[in-house]
Amino acid sequence: MVVLQFPAIVAVLLAFISIYHIQHTNFCNGDDGSTIHCPEVEMRALLQLKEALYDPSNRLSSWSGDDCCTWHGVGCDNQLGRVIKLDLRNPQPHTDSPSDASWSLILVEEISSTLMTLEYLNYLDLSMNDFRSSIPDFFGSYKNLGYLNLSGAGFLTTVPQQLGNLSSLLYLNLSYNNLDVDDASWLSRLTLLQHLDMTGTNISNASNWAEALNMLPYIMEIHLSQCQIASIPYTLPQLNFTYLSILDLSNNQISSTLPSWLFKLTALEYLFLGKNYLHSSLSIGNMSYLKVLDLSNNFLEGPLPSIIGEAFPSLQTFFLRANYIAGSIPSSICKLEQLIVLDLSENHLSHELPSCWKNSLVLQVINLSNNNLSGKIPKSICSLTSLESLHLSNNNLSGEIPNCVVTLNSLVILDLGLNRFGGCLPRWLGERMPRLKILILRQNMFHGHIPPSIAYFPVLQIMDLSHNNLSGTIPTSFEDLKAMKFAQNTMSFTPGSDNYYTDSISVVTKGRESQYVKILLLLTAIDLSYNYLSGSIPEEITNLSGLQSLDLSNNHLAGQITMKIGGLQNLESLDLSHNELTGPVPSTLTTLDSLGFLNLSFNKLSGKIPSGNHLETFDSSSYMGNPDLYGYPLNKENQDTKPSQDPNNIDTDVEAEEMFYFYLSLGPGFVVGFWSVWGILLYKQKWRYAYFCFIDNICDKLYVTAKVNFARMKIKLFRSDQGYGCNP
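All figures in this text were calculated on a predicted structure; none of them were measured in a lab. (Residues numbered from 1 in each chain as written. Predicted model: local features only at pLDDT ≥ 70, side-chain atom pairs only at ≥ 80, totals over all residues. Heavy atoms only, no water.)

A word on the overall build of the protein chain
Turning to step 1, where the next piece is worked out: Of regular secondary structure, the protein chain possesses 6 helices and 42 strands.
Turning to step 2, where the next piece is worked out: Buried positions account for 50% of the 728 residues belonging to the protein chain.
Turning to step 3, where the next piece is worked out: Sequence-distant contacts, at least 24 apart, represent 57% of the contacts inside the protein chain between residues at least 6 apart.
Turning to step 4, where the next piece is worked out: For the protein chain, the accessible area works out to roughly 35,000 Å², and carbon and sulfur atoms hold 53% of it. (Helix = DSSP H or I, 4+ residues; strand = E, 2+ residues; numbered from the N terminus. Buried < 20%, exposed > 50% of the residue type's maximum accessible area, 1.4 Å probe, protein only. Contact = heavy atoms within 4.5 Å. Areas by Shrake-Rupley, 256 points an atom, 1.4 Å probe, with all protein chains shown as cover.)

Printed below as a string of structure tokens:
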């Protein structure tokens, strides 16, 4: 527990006093019945501000009459009637409808210095508007100002150092403008400041930013993301960030080692250092209050500290993805009992997964993909009853999927692709796990039949079983994939989104691999490509009218493409290439208005390619490798309609002459060839003996080879019938 000293108590009291004062002001409705009016000089100053603004949505229409205390966005002191609050924040900063009038206030004239007459102002919010000017220097004259928010207001050029005169300021937000700071020393004079947000402000030339902020005794939040910071001082003369709880330096250009003082900020709860160029090993300190640690997308190397579980006992979110961390995952990581999100993906971690997860009861996301992990999935991972997202793809993991995984009833995403998992697809797939939406098992070593129960996942939207050794037919039960029967129009929250985590999945669709992030749970896809599936494409699959991507390529599917394929009304990508499909191209494909990718190449399709609508936009690569197909876009005509050659045009005399000489030379050639071989064998005993030994050996080898191949074929046929020992 942090014990607040007297200066900190004073700062907190000032904050509460400021908030109390703002909340007890007279706003535009004037319902308190007060007869106190604002001074005329302040009213004239506000009217001059109104004249300098273009107000397309008439937000300031109430700014008329003789009492500015009743105007929209204006707050007055109840006792003196002085203007103490001016809130012109855009109420709809993110409206996308072109039919709606812009709610932004646009500055068309310079802000008049008469606004200085609002000397009692303690709250000023001009955020999310379009002022397109520099911040007025006289803003630094508001001695009573405790809250200043200019974020996203279109302010330009250099931040005036006069803002350092705001001695009462508790909250300062200059984020998302086009501002720069050449010298940060003015920040050190804001001695009561608790919250600073300068996100997007260029402070690359202000090398003294850290020293200036270190002189603020009560600072609690510092947001300096996207500020083009190039370095952090490795040491500070005297560490003064006693009450700092949030430090955000992400998305900068910091190219230095991790400074040791960062891990001495004992009150820190949120530390964001992601997307920089930090290098060195990961050295940590005891930060008992730290909840979020983001070191992702840097150049950190070396092993994970073995004491990581003891150093961060309150940690809830840990991002270390896209670094060069090597070695094993220490078992102490399981001591982080409050951990909700763990992302160590895209590193060089190796060895086996720790088997110590029984106490991680609140863990929702584990992302260990793109490492060099080996061994099996530990059964203790099945103790994570809150787990919603499990990413273990692109490692060297092997063995079978533990049966206890079926008990993870909260699981939404299961990604085990690009490993060496083998065996049969578990029969329990689909029988439990009611929340599973994404199942990725591609590029493994699974064999046998696809169990029909896999279609019983009630909300499954993405199924990727590609690049395995699966055989048999496609189950007709696929029509029971309920979530694929209708289009996904509602954006639902992905796992970990409440804890700064953004889930993503790599999906092959439209002939290329794409990374899906924001629209991840809007996609519906089935990928069974690169297996050994046989039989026909079941008509039942065409009942999945919400399906967007279907890839059955590189199998042994036969039969005709059903005309009912036109029922896949939301289909955007269809790949049936490299199979043994026969018959015509269904004309119902012309009704699929959303279809943007079609590949029917290298089959045995025949007939004329249907035309109409968007089907004519596909080029010849969609149909190549089908010798009996013709029509646009193939440069072929129907062979049956071509005129046959007239027999009268054949030169019969030339043909007869050629046949005469052929038969004339046939007899002498036979005689010469026969006696050349057998004559020698009759007169050469050694040659005769060697020849018949050679023939005898060849016959023996052919016999043995035939027997072995026959035995292998019997085993293969048996396994195919039995699903390699897997029960369908």
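Re the packing of aromatic side chains
Turning to step 1, where the next piece is worked out: Following the criterion strictly, the structure yields 12 aromatic pairs and no others.
Turning to step 2, where the next piece is worked out: With 5.4 Å between their ring centres and 10 degrees between their planes, Phe131 and Phe155 make a pair best called stacked. Residue Phe131 is found in the loop between β6 (123-125) and β7 (147-149), and its partner Phe155 is found in the loop between β7 and β8 (156-158); the two are separated by 24 residues along the sequence. For the pair Phe131 and Phe155, one class covers both residues: buried.
Turning to step 3, where the next piece is worked out: What links up through ring pairs into an aromatic cluster is the set Tyr123, Tyr147 and Tyr171.
Turning to step 4, where the next piece is worked out: A cation over a ring is seen here: Lys85 above Tyr123, with NZ or CZ 4.7 Å from the ring centre. (Phe/Tyr/Trp six-rings, centres within 6.5 Å; stacked < 30°, edge-to-face > 60°. Lys NZ or Arg CZ within 6 Å of the ring centre and 35° of its normal.)

Thoughts on the layout of surface pockets
Turning to step 1, where the next piece is worked out: Of the volumes computed, that of the largest pocket is approximately 800 Å³.
Turning to step 2, where the next piece is worked out: Forming the boundary of the largest pocket are 36 residues, of which Arg321, Asp343, Glu346, Thr502 and Ser504 lie nearest the centre.
Turning to step 3, where the next piece is worked out: Listing elements by their share of the lining of the largest pocket, those giving two or more residues are β32 (505-509) and β33 (512-516). (1 Å grid on protein atoms, 1.4 Å probe; cavity = no way out; pocket = protein on both sides within 12 Å on 5 of 7 lines; lining within 4 Å. Points joined across faces, edges and corners; volume = space filled by probe spheres on them.)

With respect to unusual backbone geometry
Turning to step 1, where the next piece is worked out: Cis geometry marks the peptide bond from Tyr632 to Pro633; its omega dihedral reads 10 degrees.
Turning to step 2, where the next piece is worked out: Secondary-structure assignment places Pro633 in the loop between β42 (628-630) and α5 (652-683).
Turning to step 3, where the next piece is worked out: Although it is not a glycine, Asn251 adopts a positive phi angle of roughly 55 degrees.
Turning to step 4, where the next piece is worked out: Structurally, Asn251 can be placed in the loop between β13 (246-248) and β14 (270-272).

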